[in-house]
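Structure assessment
Residues per chain, in single letters:
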Amino acid sequence: MTTLKIGIADTEEMKALTLRIARGEEQPSPDDPKVWFISTESFSKVLSAPNREMLRLIAEQEPESLDALAELTGRAKSNLSRTLKAMVGYGLIRMERSGKKLAPKLVHDRVVLELALANPRRKASRPKETADE
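If you look the protein chain up in an unreviewed UniProt entry, it shows as Transcriptional regulator from Xanthobacter agilis.

Moving on, we get to the overall build of the protein chain. For the protein chain, the helix and strand inventory stands at 5 helices and 5 strands. Beginning at the N terminus, the succession of helices and strands in the protein chain can be written as β-α-β-α-α-α-α-β-β-β. Among the 133 residues that make up the protein chain, the fraction classed as buried is 29%. Intrachain contacts of the protein chain at a sequence separation of at least 6 include 66% that bridge at least 24 residues. By element, 52% of the accessible surface of the protein chain is carried by carbon and sulfur atoms, the whole surface being about 9,300 Å².

Glancing now at the pairing of strand 3 (residues 93-98). Relative to strand 4 (residues 101-106), strand 3 is paired through 6 bridges, and the arrangement is antiparallel. Note on strand 4: the bridge partner recorded for isoleucine 93 is leucine 106. Taken together, strand 3 and the strand that follows it, strand 4, pair antiparallel across an intervening segment of 2 residues, in which glycine 99 is found at a positive phi of about 70°.

As summarised here, the arrangement of the 3 strands in space is 2-1-5, forming an open sheet in which the pairing is parallel. In this open sheet, the two strands that pair with only one neighbour each are strand 2 (35-37) and strand 5 (110-114). Mean inter-strand twist for the sheet, computed between neighbouring axes without regard to direction, equals 30°. In terms of strand pairing, strand 1 (residues 3-8) meets strand 2 through 3 bridges, oriented parallel. Bridged to glycine 7 within strand 2 is tryptophan 36.

Here we come to helix 4 (residues 66-73). Taken as a whole, helix 4 has its buried residues at Leu66, Leu69 and Ala70. Each buried residue of helix 4 lies within a common arc of 100° when the element is viewed along its axis, so the set occupies one face. Those residues of helix 4 that are buried are in contact with helix 3 (49-61), helix 5 (77-89), strand 3 and strand 4. Sitting at the head of helix 4, serine 65 places a side-chain oxygen 3.4 Å from the backbone nitrogen of aspartate 67. Note on helix 4: the residue one or two positions beyond its end, glycine 74, has a positive phi of about 75°.

What counts, and at which threshold
Residues numbered from 1 in each chain as written. Predicted model: local features only at pLDDT ≥ 70, side-chain atom pairs only at ≥ 80, totals over all residues. Heavy atoms only, no water. Helix = DSSP H or I, 4+ residues; strand = E, 2+ residues; numbered from the N terminus. Buried < 20%, exposed > 50% of the residue type's maximum accessible area, 1.4 Å probe, protein only. Contact = heavy atoms within 4.5 Å. Areas by Shrake-Rupley, 256 points an atom, 1.4 Å probe, with all protein chains shown as cover. Pairing = 2+ DSSP bridges. Axes fitted to C-alpha atoms, helices over the stretch in contact; angles between N-to-C directions. Arc of directions from axis to C-beta. Polar contact = N/O pair within 3.5 Å; in protein donor to acceptor, adjacent residues only side chain to side chain.

Below, the structure written as structure tokens:
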């Protein structure tokens, strides 16, 4: 399996980054996170303890359908569907069709969170010239 690098950036930061990249002012680095959450709260909801346990069960038990996963986890199928849809969106799992059944498959077995406490992604502006120069 692989490691998924995740970052946290609010909507305005992501918009500014996207515009800098589009204008050619910045190039994404291969080390940059591949998936972004808008807040630590949204990250913690998607990767809560029950959801991490569900991911473990998907990896270990390889359920062949949502019904099988619901039975393994004890969670309602409707609840699982919403959670799995979010996880697909973040690239944590994929859904594979087998006949009429959809089976969740783990894409990554580890995540690494990059969380900047200061904003190093923004380009520093040129220093202002002083009268001494």
